[in-house]
Amino acid sequence: MRNFLTTIFSKDKSPFASVKAATSWCKRLQEIDTQSQQLKIHQAVAAFINEQRVASLESLHVLLLLDDAAQLSYEAVCYQYISNPRMSKDIEIKLWKQITQFAADMVVIYQCFVQAEVDGGKKAELALLMPKVLARSLHYLSIQAKWHYFKFEKVPPKLWILSHQLYRLSEIEGCDSNPFPLYNLHGKEVTSCADEYIQMLMLGSLSSNNLSVRQIDWVDQWLNQWSKLIQLSRKFQEGRYHFCVNLQAPEGAQKIQPDCEGEPFRYWGLHDLMQEVTDLLRRLETGSLPRDIGMGKDCPAPLALELLKHLDMFWSLSIRNSVVQRSERKKVAKIADIISGLDCIVGHIRLDNDKFMRKSATDERGHVDYDEIMDMRLYGFVSTRTKEKVSPAKQIENKQNDWFVWSIENESAGGYGAVVQFSENEWVRPGLLLANRLGRNENWQLGVIRRLNRLADDEVYVGIQSLAVAPVAVNLYMEKEERKERISLAEESTFGVSDLPNVRTALYLPHQVDAKNVNTLILHSADYGGNKIYRVQARERIFMVRLGSVIEKGIDWIWVTVFVLSQE
């Protein structure tokens, strides 16, 4: 193979001799395999950089031609990495270096032309090509950042600094929003310097979401279109913008703080993007296929739906957090038990509720249990069911531990932060509902994961917001007959009703909206419907309620206000 490559490229050692030579050189590329094509172009680019050739207008035309010719083979190599999660470590490292080094060298060679001095007569022609030079540079910087996200690595500060400088230069040149096709391979699809920059920023905002390689790639493909729904602004408008970026800082998108005002900050909002995500969710839920609604051919509908729900939840939180100020944290060293999943949380909180109710009843009756007296009168002995009801703490001891143990390192009035091992907690995601307790005799408290930050290869920081210290487990019923039947069956269930089929469970928690106390429920997303009416059973009490507005939604849960219509 080496001799063959040497033969077909021996006539022209460098395609940068002229546009004509480059065109002929690229035609001969078709005679070799795809991966070798990309490597050959990379060698030519690296030689131009190492030999410190003059960045002329003609060599820029050659570079644009070579970059176009490289796309098909380069995308094939990228796809090989993304679609093969089970490849050996050696192959993974080799492909990662091949992809990122090519992107890095393309950025370097394009910078030669950004900084080039050309003759007066050719300045105008160079200016016409500069938007594409800047956009392609930003595109390759975004690729490097994306491959760092694949390995849960932070983007090197120099990449952010350079991306900010390139975007700022496009603003100065007045071409930041000029639309044009980035590559011939992409047909009529257009982009701009601002689009490429926004795509890089928005993907960076998701970098701590613990997404898989395929999920990151799918989101990046979608952002290629969604970035056109976002516009950067130099002037901050409260209530309209949710992210900002400092063009002089070695970092990407950040939450808007009180001191983030004026130059060099740029601001953008998510309202238009959220409308698009909501529309796509609706279309997927009604049976549309991802390929039919512009979401690509590679993502199966169930996975696309799950990922879209995650994005909808995360960006909704970003909008919410743009107006919510964090309370001061203090360092602590505590151990907490952690459970997740609405059904699991309801089950454990129901035991807490039973324990509290039983203790209260016992205290009031002077340590005499009414159920035990009734059993003695009816059967002459205390039934097993009554004994279990009397000793909920014993149930917890006998139940197999289904919780994780986390190290809490800080806490505040609004929540706490924990450092966990990633290999043992791969399920963590922003927006995930969980509950914690600081001791086996303590009650479970409700919370939601707000932030993830990768600290090391197997270490993740998790930021949790507390939602309620004393939630109440409840059952939901649609029909009166169905309700009565389930209530009778529920007495045989260890957790009340959570392990029975077709039984709706939820959590009641008091909440404040606009400084007013309101009743709220957290329930499964599938059980929600605007103005839907349920019977809610909380121990012996039953209420008729109507579901109200949505406070927040996760991937599989939703938090809503409720209006009490009557009590039975």
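First, a word on what this report is: a plain description of the structure on this page. Residue numbers here run from 1 along each chain, matching the order of that chain's written sequence. Only residues with pLDDT of at least 70 are given local features in this predicted model, and only at 80 or more are side-chain atom pairs given and counted; all residues enter the totals for whole chains, interfaces and linings. Hydrogens and water are ignored here; the side-chain numbers use all heavy atoms of the structure.

Quick notes on the pattern of salt bridges
Turning to step 1, where the next piece is worked out: For this analysis, a salt bridge means a side-chain nitrogen from Lys or Arg found within 4 Å of a carboxyl oxygen belonging to Asp or Glu. By the definition in use, this model includes 17 salt bridges.
Turning to step 2, where the next piece is worked out: Close ionic contact of glutamate 171 with arginine 266 constitutes a salt bridge, the shortest N to O distance being 2.9 Å. With glutamate 171 in helix 7 (residues 157-173) and arginine 266 in strand 5 (residues 265-268), the pair connects residues that are 95 residues apart, well separated along the chain. Like arginine 266, glutamate 171 is buried.
Turning to step 3, where the next piece is worked out: Its salt-bridge partner being arginine 266, residue glutamate 263 comes within 3.0 Å of it at the nearest N-O pair.
Turning to step 4, where the next piece is worked out: Each residue is assigned to one of three classes by its accessible area relative to the maximum for its type, calculated with a 1.4 Å probe on protein chains only: buried under 20%, partly exposed between the two thresholds, exposed over 50%. The partly exposed category is assigned to glutamate 263, whose relative accessible area is 49%. Starting at the N terminus, helices and strands are each numbered in turn, a helix being any DSSP run of H or I of at least four residues and a strand any DSSP run of E of at least two.

Some words on unusual backbone geometry
Turning to step 1, where the next piece is worked out: Cis rather than trans, the peptide bond between glutamate 263 and proline 264 has omega equal to 10 degrees.
Turning to step 2, where the next piece is worked out: The backbone of glutamine 52 shows a phi angle near 50 degrees, a positive value even though the residue is not glycine.
Turning to step 3, where the next piece is worked out: Its relative accessible area of 70% is what places glutamine 52 among the exposed residues.
Turning to step 4, where the next piece is worked out: We note that asparagine 210 has phi near 60 degrees; this positive angle belongs to a residue other than glycine.
Turning to step 5, where the next piece is worked out: Structurally, asparagine 210 is set in the loop between helix 8 (193-205) and helix 9 (213-226).

Points about a nonpolar patch on the surface
Turning to step 1, where the next piece is worked out: Residues qualify for a patch when their relative accessible area is over 30% and they have no salt bridge, like charges being joined within 9 Å and the nonpolar side chains of Val, Leu, Ile, Met, Phe, Trp and Tyr within 5 Å. All accessible-area figures derive from a Shrake-Rupley calculation using a 1.4 Å probe, and residue coverage is judged against the displayed protein chains alone. A cluster of nonpolar side chains, contributed by Ile533, Phe563 and Leu565, occupies part of the molecular surface with about 270 Å² of accessible area.
Turning to step 2, where the next piece is worked out: With respect to the helices and strands, isoleucine 533 occurs in strand 15 (residues 533-538).
Turning to step 3, where the next piece is worked out: On the basis of relative accessible area, isoleucine 533 is assigned to the partly exposed category, the value being 40%.

Observations regarding the packing of aromatic side chains
Turning to step 1, where the next piece is worked out: Only the six-membered ring of Trp is used, alongside the rings of Phe and Tyr, when aromatic pairs are assigned; centres must lie within 6.5 Å, and planes under 30 degrees apart are stacked while those over 60 apart are edge-to-face, with the rest tilted. Following the criterion strictly, the structure yields 18 aromatic pairs and no others.
Turning to step 2, where the next piece is worked out: Geometrically, the ring pair formed by tryptophan 147 and phenylalanine 150 is edge-to-face, given 4.7 Å between the ring centres and 65 degrees between the ring planes. Linking tryptophan 147 with phenylalanine 150, this pair stays in helix 6 (residues 123-150), spanning three residues, or about one helical turn. With respect to class, tryptophan 147 is no different from phenylalanine 150; both count as buried.
Turning to step 3, where the next piece is worked out: Between tyrosine 241 and tyrosine 267 the ring centres are 6.4 Å apart and the planes differ by 25 degrees, which places this aromatic pair in the stacked class. Separated by 26 residues along the polypeptide, tyrosine 241 in the loop between helix 9 and strand 3 (243-246) and tyrosine 267 in strand 5 bring together distant segments of the chain.
Turning to step 4, where the next piece is worked out: In this structure tyrosine 241 comes out as buried when scored by relative accessible area, which is 8%.

Examining the packing of helix 3 (residues 34-50) against helix 4 (residues 57-82)
Any two packed helices are characterised by the angle at which their axes cross and by the distance between the axes.
Turning to step 1, where the next piece is worked out: For the pair helix 3 and helix 4, the least separation of the axes is 8 Å and the interaxial angle reads 140 degrees. Classified by the interaxial angle, the pair formed by helix 3 and helix 4 is oblique. Handedness of the helix 3/helix 4 crossing: left-handed. Facing helix 3, whose interface residues are Thr34, Gln35, Gln37, Gln38, Ile41 and Phe48, helix 4 presents Ser59, Leu66, Ala69, Ala70, Leu72, Ser73, Tyr74, Ala76, Val77 and Gln80.
Turning to step 2, where the next piece is worked out: Taken together, the residues that form the contact of helix 3 with helix 4 break down as nine nonpolar, seven polar and no charged. To obtain an axis, a line is fitted to C-alpha atoms, over the contacting stretch when the element is a helix, and the angle between two such axes runs from 0 to 180 degrees between their N-to-C directions. In what follows, roughly perpendicular refers to angles from 65 to 115 degrees, roughly parallel to angles under 35, roughly antiparallel to angles over 145, and oblique to any angle outside these ranges. Helix crossings are classified by the rotation of the near helix relative to the far one: an anticlockwise turn of less than a right angle makes the crossing left-handed, while a clockwise turn makes it right-handed. By definition, residues are in contact when any of their heavy atoms lie within 4.5 Å. Residues are grouped as follows: nonpolar covers Ala, Val, Leu, Ile, Met, Phe, Trp, Tyr, Cys and Pro; charged covers Asp, Glu, Lys and Arg; every other residue, Gly included, is treated as polar.

Let's talk about the nonpolar core
Turning to step 1, where the next piece is worked out: Ranked by internal contacts, the top residues of the largest apolar core, which has 97 residues, are Tyr140, Trp222, Trp226, Leu308 and Trp315.
Turning to step 2, where the next piece is worked out: By residue number, the principal contributor to this core is helix 6, which donates 14 residues.
Turning to step 3, where the next piece is worked out: If sequence neighbours within four positions are ignored, tyrosine 140 has contacts with Asp67, Gln71, Tyr74, Phe102, Ala103, Met106, Val107, Tyr110 and Tyr183.
Turning to step 4, where the next piece is worked out: By size, the runner-up hydrophobic cluster in this structure holds 19 residues, among which are Ile349, Ala435, Leu507 and Trp557. Among the buried residues, those of types Ala, Val, Leu, Ile, Met, Phe, Trp, Tyr and Cys that are joined through side-chain atoms within 4.5 Å form a nonpolar core.

Re the pairing of strand 7 (residues 404-411)
Regular strands place their side chains on alternate faces of the sheet.
Turning to step 1, where the next piece is worked out: At least two DSSP bridges between two strands are needed for those strands to be called paired. Where strand 6 (residues 330-340) lies against strand 7, seven bridges are found, and the strand directions are antiparallel. Across the sheet, the residue bridging to alanine 336 is tryptophan 406, located in strand 7.
Turning to step 2, where the next piece is worked out: Both strand 7 and strand 8 (residues 415-421) contribute to a ladder of four bridges, which runs antiparallel. Bridge assignment links isoleucine 408 to a residue of strand 8, and that residue is alanine 418.
Turning to step 3, where the next piece is worked out: The hairpin formed by strand 7 and strand 8 contains three residues between the paired strands.

A short note on the pairing of strand 10 (residues 445-456)
Turning to step 1, where the next piece is worked out: Bridge count for strand 9 (residues 433-437) against strand 10 is four bridges, and the pairing is antiparallel. Residue pairing in the sheet places alanine 435 in a bridge with leucine 446 of strand 10.
Turning to step 2, where the next piece is worked out: Bridge count for strand 10 against strand 11 (residues 459-468) is nine bridges, and the pairing is antiparallel. Paired with asparagine 453 across the bridge in strand 11 is tyrosine 461.
Turning to step 3, where the next piece is worked out: Counting the residues in the hairpin turn of strand 10 and strand 11 gives two residues.

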